[in-house]
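As a plain string of letters, each chain reads:
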Amino acid sequence: MKPLSRRTILRGTVGGLAAAVALPWLEAMTNTTRRARANGSFPKRFGVWFFGNGVIPEQWTPAVEGAMWQPSPLMMPLSTIKQHLCVVTGTRVNTLNTTPHGSGPAGLFSGDSLSGSEFTQGSSFRAATFDQRIAEAVGGDTRFRSLETAVQPAQYGISHAGPNMRLPIEPDPRRLFNRLFGEGFRAPGDMTMPDPRLSLRRSVLDAVAGQSRTLAARVGVEDRRRLDAHFTAVRAIEQQIARLESNPPNLASCRRPDMPPESIPDVMGRPDMRTKSRIMSELLAMAMACDTSRVFFHMYSQPVNNTLFPAATSGHHQLTHDEGGAQPQVGTILRYIMEDFATFVNTLARIPEGDETLLDHTLVMLTTDCSFGRTHSVDEYPMIFAGGRSHGLRRNTHLRARGENASKVSLSIMQMMGLRVAEFGMGAGRVTEPLAGLTT
Amino acid sequence: MNLRTGFLLSVVATLGVACTQPAPVQDSGVGSDASVDDVPPVDVRLPPAAAYVPNHPRLRRLTRAQYTNSIRDVFDETLIVPRSLEPDKRPEGSSSIGGTETTISQRGTEQYQDAAYDLAEQILRNPMRRAMYVRCTPAGVRDDACAGTFLRTYGRRLWRRPVTEAELATMVAISGRAAEALMDFHRGLEFGLSTILQSPNFLFREEIGTIRGAERRYERYELASRLSFFLWNGPPDDALLDAAEMNQLQGDTLAGHVDRLIQSPKLRRGLDAFVTDWLRLEELDFISRDATLFPAFSADFGPSAREEVLRTIAWIVLERDGDFRDVLTTRESFVNRKLASIYGIPFPTRGAGPTQFERVTFSPAQPRRGILGMAAFLALEAHPTSTSPTLRGKYVRELILCEAVPPPPIGVNTAIPEPNPNARTLRERLEVHQEVTSCRGCHRFLDNIGLGFENFDALGRFRREDNGATIDPSGSIDSTPFADPSSMATALRENPSFPRCVVNRQRRRAAAPGARAARALVRRRRLSPARIAPRDGARRGVSTCERPRGSAAAAPADTGRRRDGRGQRRHARRHARRH
């Protein structure tokens, strides 16, 4: 028997879960066997924490490389969580940089250049984003394959399940709560009989899937691809229902969070990003702790967003362009965003899992849509990783990777999540090896 | 061009796309019917047929509005249609094109599922509705014949075609099993109705046709759907479906049905769908303003502003049957109390609620005219604390004149000076756009229009001063000068690009070509690559919109200069290719 199946069995027994994805690393065999036993039942999660409009590279990059690093001026709010972080600087998106705020995310997440010349809510990438490739591989065990959430109101995020399959996002805390913890949520150890209507709903979905297949036989290749996506989604929901009918995994830290308020009022006519971000963080963290999903893409703010942050004299995007000099106002906004990121990381760190924490079992990637917001450059792409102890992330360090292709980072993450992939990206975005130094 | 004409021309497009090479408009029978009496001689020539990629038949996913309209048309107006549905996608500003591209995500599938059960409960648990829609009395908990009658009737209306016997058998069986499990005929029927509502046969419009020689012929039910969704933004009614069933959708009968659809009050929905896409009105849901600068801003601002545009255009087109170009110059508008206070005009009715709109006429002394004088445009194309002549100019170029404006080149330093004694107004501060060659190429086309709206602040309120200095609202559109927004409106009205733009957009909505073909319909303005990426800018690796001061601080701190230079040249090449 291959060594990696040992972990699979371990998880299968302890977690009460269906067969897990094959995990190609040998951590369980090599280091700290004790911890592997104690924590082996906890799944590995991955999530993106995204904000729009880039940074100010000169004030972003920490001065010192390696373990002796200190947070840069823009990262000061992260000082208290420094030990959980791996700051990666110097990589660049190699695909065509034609479209402000769009080319960066397209290159980084899909490994390919953006299709079309504009990046709006109507645009699409040419390929699936890597978070969705991870979701496809590891999401089959959970009720939701992946979660796409937001703080700033918007309809679509960055994640793509495939070309032209840009995924909608949920910016409403109450609606997210209802989806995750409302009807259909079963607390750990809940042994009550599932609702008899669930199996009826499955028979309806079965008929709908059949209709999708029949229709697909009449249409062209492109439409067949679209119907296949619908068919797959219908089948996934059937599986969701099947999961509801079985007993939920017994995860000690899982509980139903407090119901968020119906709406979060503006403060002085400005969106209360802080409160909303805190609530969304708690919901996402609990979704992970309850193993409702293992992959998320959380969009704090959108590319080109013009959010009016506290004390700013203009919207965020406008300031990145109009403000001269060292852009003190943009700096203040970025530090505000980092404070909210720190809150998110701390929320994960407070949830125990075995003798570690949820953060240890979650690899979080913070990034944005370009490097310098003012010029839309995609060199020196800003990225910070947090958590990821069980993924082997090298932590409390500043990894300087000058001139490296940002796609290497994407490939690294997929491999750290256990995917057997040897390459990522197309054309100038294509790489065949991970980024050296990201893992221990 | 009056709007009736515009609409009919577009109907021609709907019918015309039955040919892989659309016939010229004037050759079409319906088109010549459209020559209504007092149409001013306006050039509404459509692009040559070759500019259209033959309408490629694609499944079209229902937009949110089409979903809602389908439920309300097939059942009744009082149903509460869930609003959490897969969002519309608007590539090239068109939900019509978006519908041909997008699929249904897992989240969307969940939402359609929730909506289906929600609606089925509303329809089958309310005794009045149940009596209205289920016309047979079930013989017991399970009555396949009664269930079949209901599912056949509503399946046909919702799927816009007859339900096949095999499809019906599956849904009858589902309803029967559910009825037995839940011991209730109508509860069981909810599962059958939910199947209809979750089906791709409902969520996607199948208008594909078959190719015969050089033509693509739409099947009769497909043609019925194409007509009703284009004109009503909703499903065919029974009369149209019956005509399709009897194979009558051709010749005079077809023309009669088109006339009937155009006379219906539902035409307003088709018009609204067009205007919403055209003027990007859905984005009004996402704007925000600094409350200290704009105390008048509140959550109902966006919806109020949108309603004003929709009502005013509907008034001109459907009530007055006027010249469509009047939408730019009309002094009539529809406002509620909120908008009246923003515009500084008295509101006729005392004690009116936010949904009460009244028709008002702006005095000729006011510069506020037409849709470009309305809060929707003025607030949409502004920042949270200030106006944006650039965004406003871009909106006019792209939406009113159908010209494409390229994004700014990568690597440009876009900083503009803060207000200072030498440059108090935004016009003065934006002088850099005109002085620096790399900016001037595009900005002279944008700012010269956008600065004409400076008398309106970021919420659409009138003002004479900016930072204490008097605003100069003059400018020019290409070679036509204007003195203020009022004369700009007149200039735009007479611009031959405007009617062509509207008709092309309408036609595009009907035909829903692929996004690439849609882009081909937009005129690309000639911009010299040299103006976009000046040689010195390319050599330095950056180009700047700040006045050349020679100070190091003005240059961006970016480390990737070489690459930025490359991006610039690419940008220039992309421009060159478009010529």
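A quick note: this is a predicted structure, and the numbers were derived from the prediction, not measured.

All names here are of chain B. Among the structural elements, Gly452 can be located in the loop between helix H21 (437-450) and strand S9 (465-466). Classification of Gly452 as buried rests on a count of 30 C-beta atoms within 10 Å. Apart from residues lying up to four places away in sequence, Gly452 is in contact with Pro473, Ser474, Gly475, Phe482, Pro485 and Met488.

What follows deals with unusual backbone geometry. Residues and elements named next belong to chain B. Despite not being glycine, Asn233 shows a phi value in the positive range, around 55 degrees. Following the sequence through the fold, Asn233 ends up in the loop between helix H11 (220-232) and helix H12 (238-245). When the 27 C-beta atoms within 10 Å are taken as the criterion, Asn233 is described as buried. At Arg280, a residue that is not glycine, the phi angle is positive and equals roughly 55 degrees. Along the chain, the position of Arg280 falls in the loop between helix H14 (267-278) and helix H15 (301-319).

So, about the nonpolar core. The biggest cluster of nonpolar side chains holds 156 residues, and the ones touching the most others in it are Trp49, Ile134, Leu283, Ala289, Val345, Phe385 and Ile413 of chain A. Not counting the four nearest positions on each side in its chain, Trp49 of chain A is found in contact with His298, Tyr300, Phe341, Phe344, Val364, Met365 and Leu366 of chain A. Counting 56 residues, the second-largest nonpolar core is a separate cluster that includes Val309, Ile316, Phe357 and Phe498 of chain B.

The subject of this paragraph is the interface of chain B and chain A. Reports often express the size of an interface as the amount of accessible area lost when the parts come together. The interface is formed by 69 residues belonging to chain B together with 66 residues belonging to chain A. Looking at the side of chain B that touches chain A, the elements with two or more residues in it are helix H4 (95-101), helix H5 (106-125), helix H8 (165-182), helix H9 (185-198), helix H10 (200-203), strand S8 (412-413) and helix H27 (561-578) of chain B. Partitioned by chemical class, the residues of the side of chain B that touches chain A number 26 nonpolar, 26 polar and 17 charged.

A few words now on the domain arrangement of chain A. All names here are of chain A. Looking at the assigned domains, one finds that chain A contains domain 1 (1-39), domain 2 (42-184 + 261-429) and domain 3 (192-246). Averaged C-alpha coordinates put domain 2 and domain 3 at centres separated by 31 Å. Within the side of domain 2 that touches domain 3, the residues separate by chemical class into 2 nonpolar, 2 polar and 2 charged.

A separate point is the pairing of strand S10 (residues 383-387) of chain A. Residue and element names in this part refer to chain A. Counting buried residues in S10 gives 4 out of 5 residues, a clear majority hidden from the surface. Two strands pair when backbone bridges link them, and strand S2 (residues 85-89) and S10 are joined in this way by 4 bridges, in the antiparallel orientation. Of the residues in S10, the one forming a bridge with Cys86 is Phe385. Relative to S10, strand S9 (residues 362-367) runs antiparallel, the two sharing 5 bridges. Each residue of the ladder has a partner; that of Met365, found in S10, is Phe385.

Residue and element names in this part refer to chain B. In the predicted model, chain B carries a mean pLDDT of 80, and 78% of its residues have values of at least 70. Segment residues 7-55: pLDDT under 50, and 84 contacts once partners within four positions in sequence are set aside and those in other chains are kept. Residue range residues 523-579 is modelled with pLDDT below 50. Its contacts to residues more than four positions away, or to other chains, number 121 contacts. At the level of chain-chain contacts, confidence expressed as ipTM amounts to 0.84, with global pTM at 0.84.

Right, let's get into the sheet that holds S10 of chain A. Residue and element names in this part refer to chain A. As summarised here, the arrangement of the 7 strands in space is S3-S6-S1-S9-S10-S2-S11, forming an open sheet in which the pairing is mixed. Across the chains shown, the open sheet's two edge strands, defined by having one partner strand only, are strand S3 (147-150) and strand S11 (397-400). Ignoring which end each strand starts from, the neighbouring axes of this sheet average 15 degrees apart.

Okay, H15 of chain B next. Residues and elements named next belong to chain B. Taking 1.5 Å per residue, 19 residues should reach 27 Å; H15 reaches 26 Å between its end C-alpha atoms and fits that length. Along H15, the positions that sit buried rather than exposed are Phe301, Gly302, Ser304, Ala305, Arg306, Glu307, Glu308, Val309, Thr312, Ile313, Ile316 and Val317. One or two positions beyond H15, positive phi appears at Asp321, with a value near 50 degrees.

Geometrically, a packed helix pair is captured by the angle between its two axes and the distance between the axes. Interhelical geometry of helix H9 (residues 221-245) of chain A versus H5 of chain B gives an angle of 65 degrees and a closest axis separation of 9 Å. With respect to each other, H9 of chain A and H5 of chain B are oriented roughly perpendicular. The interaxial crossing formed by H9 of chain A with H5 of chain B has right-handed handedness. Packed against H9 of chain A, whose contacting residues are His230, Ala233, Val234, Ala236 and Ile237 of chain A, the element H5 of chain B presents Gln106, Thr109, Glu110 and Gln113 of chain B at the interface. Across the contact of H9 of chain A with H5 of chain B, the residue classes break down as 4 nonpolar, 4 polar and 1 charged.

Residue and element names in this part refer to chain A. Running from N to C, helix H10 (residues 273-289) and helix H12 (residues 328-349) point in directions that differ by 25 degrees, and their axes come no closer than 9 Å. Considered as vectors, H10 and H12 are oriented roughly parallel to each other. As H10 packs across H12, the resulting crossing turns out to be right-handed. Residues Met273, Arg274, Ser277, Arg278, Ser281, Glu282 and Ala285 of H10 pack against Asp340, Thr343, Phe344, Thr347 and Leu348 of H12. Classifying every residue of the contact of H10 with H12 by side-chain character gives 4 nonpolar, 4 polar and 4 charged.

Parameters and conventions
Residues numbered from 1 in each chain as written. Chains lettered and ligands numbered in written order. Predicted model: local features only at pLDDT ≥ 70, side-chain atom pairs only at ≥ 80, totals over all residues. Helix = DSSP H or I, 4+ residues; strand = E, 2+ residues; numbered from the N terminus. Buried ≥ 20, exposed ≤ 12 C-beta atoms within 10 Å, placed from the backbone. Contact = placed C-beta atoms within 7 Å. Core = buried A, V, L, I, M, F, W, Y, C linked by C-beta atoms within 7 Å. Nonpolar A, V, L, I, M, F, W, Y, C, P; charged D, E, K, R; others polar. Domains from an automatic or database assignment. Pairing = 2+ DSSP bridges. pLDDT = per-residue confidence, 0-100. Axes fitted to C-alpha atoms, helices over the stretch in contact; angles between N-to-C directions. Expected span 1.5 Å × (residues − 1). Parallel < 35°, antiparallel > 145°, perpendicular 65-115°, else oblique. Left-handed = near helix turned anticlockwise from the far one by under 90°.

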